[in-house]
Structures are given as structure tokens and as C-alpha cells.
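# Observations on the model geometry
Listed here are the chains, written in short residue letters.
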Amino acid sequence: LYTATGGLRAAFISSWGHTAVIYIALCIFMFQIYAGHDDLGSPAKVYKNLRAIEKVVPVANNMGGSYITMFSESGLIFGIINIIGN
């Protein structure tokens, strides 16, 4: 619709505008959650909470039961499938 009435430039400008609105909204929501919520408060507190909960409820097949590891069985399988499939 934008291209038909305003040309290709209008399509690029509207696409950029919509993307900017989405990024601004994401930044606002992220700030409200990290800075305004009592349970989270900061990225350091989120990290501390994740390290504490992994001792209570560990994740099966992840290195050390961690929630924030890059070494997991499902992650390895996902990587192999992506390498072979792509």
C-alpha cells in the first residue's frame, strides 16, 4: 500500500518508523522490568537469582544444571541440525 501510493521511499520510511517504535517500546519495557521490579532490580540480581535457583531446580542435561550455560545436550543437537540443514 505504501509503495503504491508513495513510492519505494515511503515504504522504507514507514518500515524504519515501525521498527523504531518497536525498539523504543522494548527498551521501555526492559527498563521497567530490570529497574522497577523488586525481585529483579538489576542484571546482576537476575544473574544471582538464576545461580541460586539452579541449585534448587537444576535443568536436566545442562552442564551443572545451569540455566545460563552454553553447554547443553539440546543445544548441541540444535547446532548439529542447523549445520547439516543449512
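Our structure's up above, just so we're on the same page.
Residues numbered from 1 in each chain as written. Predicted model: local features only at pLDDT ≥ 70, side-chain atom pairs only at ≥ 80, totals over all residues. Heavy atoms only, no water.

## A few points about the overall build of the protein
Quick reminder of the rule: Only runs of H or I of at least four residues qualify as helices and only runs of E of at least two qualify as strands under DSSP, and these elements are numbered from the N terminus. With the radius of gyration taken over C-alpha atoms, the globule rule is written as 2.2 Å times the number of residues to the power 0.38. Think of it in three bands: residues with accessible area under 20% of the maximum for their type are buried, residues over 50% are exposed, and the middle band is partly exposed, with areas taken using a 1.4 Å probe on protein chains only. Throughout, a contact is declared for two residues whenever any of their heavy atoms are within 4.5 Å. Using the Shrake-Rupley algorithm and a 1.4 Å probe, accessible areas are obtained, with residue cover drawn only from the displayed protein chains. Neither His nor the chain termini are counted; the positive set is Lys and Arg, and the negative set is Asp and Glu. Taken as the charge location is NZ of Lys, CZ of Arg, CG of Asp or CD of Glu.
Summing up its helical and strand segments, the protein has three helices and zero strands in all. Relative to its length of 86 residues, the protein is extended, with a C-alpha radius of gyration of 21 Å against a globular reference of 12 Å. Counting only C-alpha atoms and orienting by the principal axes, one finds that the protein spans roughly 60 × 45 × 15 Å. Buried residues in the protein amount to 10% of all 86 residues. A fraction of 0% describes how many contacts in the protein between residues 6 or more apart in sequence connect residues 24 or more apart. When the accessible area of the protein is evaluated, it comes to approximately 7300 Å², of which 71% is carbon and sulfur surface. With 5 positive and 4 negative side-chain charges, the protein shows a spacing of 10 Å between the two charge centroids.

## Description of unusual backbone geometry
The backbone of Asn61 shows a phi angle near 70°, a positive value even though the residue is not glycine. By secondary structure assignment, the location of Asn61 is in the loop between helix H2 (43-56) and helix H3 (73-85).

## Quick notes on H3
Definition in use: In this analysis, the expected span of each helix is defined as 1.5 Å times one less than the number of residues it contains.
In this model, H3 (13 residues) spans 18 Å end to end at C-alpha, consistent with the 18 Å of a helix rising 1.5 Å per residue. Counting buried positions over the 13 residues of H3 gives zero, only a small fraction of the element.

## Comments concerning the environment of Thr69
Put simply, the rule is: Polar contact is defined as a pair of N or O atoms within 3.5 Å, subject to the rule that within protein one atom must be able to donate a hydrogen and the other to accept it, and that residues adjacent in sequence are counted only when both atoms are side-chain atoms.
Among the secondary structure elements, Thr69 is positioned in the loop between H2 and H3. A distance of 3.0 Å separates a polar atom in the side chain of Thr69 from the backbone nitrogen of Phe71.

## Some words on the environment of Glu54
Within the secondary structure layout, Glu54 lies in helix H2. For Glu54, a relative accessible area of 9% gives the class buried. Spatially, the C-alpha atoms of Glu54 and Gly79 are 24 Å apart, while their sequence positions differ by 25 residues. Ignoring anything within four residues of it in the chain, the contact list for Glu54 reads Gly65, Ser66 and Tyr67.

## Quick word on a nonpolar patch on the surface
Formally: Excluding any residue in a salt bridge, patches collect residues exceeding 30% relative accessible area, merging like charges within 9 Å and nonpolar Val, Leu, Ile, Met, Phe, Trp and Tyr side chains within 5 Å. The working definition used for a salt bridge is a side-chain nitrogen of Lys or Arg within 4 Å of a carboxyl oxygen of Asp or Glu.
Where nonpolar side chains cluster on the molecular surface, the patch consists of Tyr47, Ile53, Val56, Val57, Tyr67 and Ile68 and spans about 540 Å² of accessible area. Looking at where Ile68 falls in the secondary structure, it is placed in the loop between H2 and H3.

## Here's the deal with the side chain of Ser72
The residue Ser72 is located in the loop between H2 and H3 in this model. Looking at Ser72, the relative accessible area reads 17%, which means it is buried. There is a polar contact of 3.1 Å between the side chain of Ser72 and the backbone nitrogen of Gly75. Setting aside chain neighbours within four positions, we find Ser72 in contact with Asn61 and Asn62.

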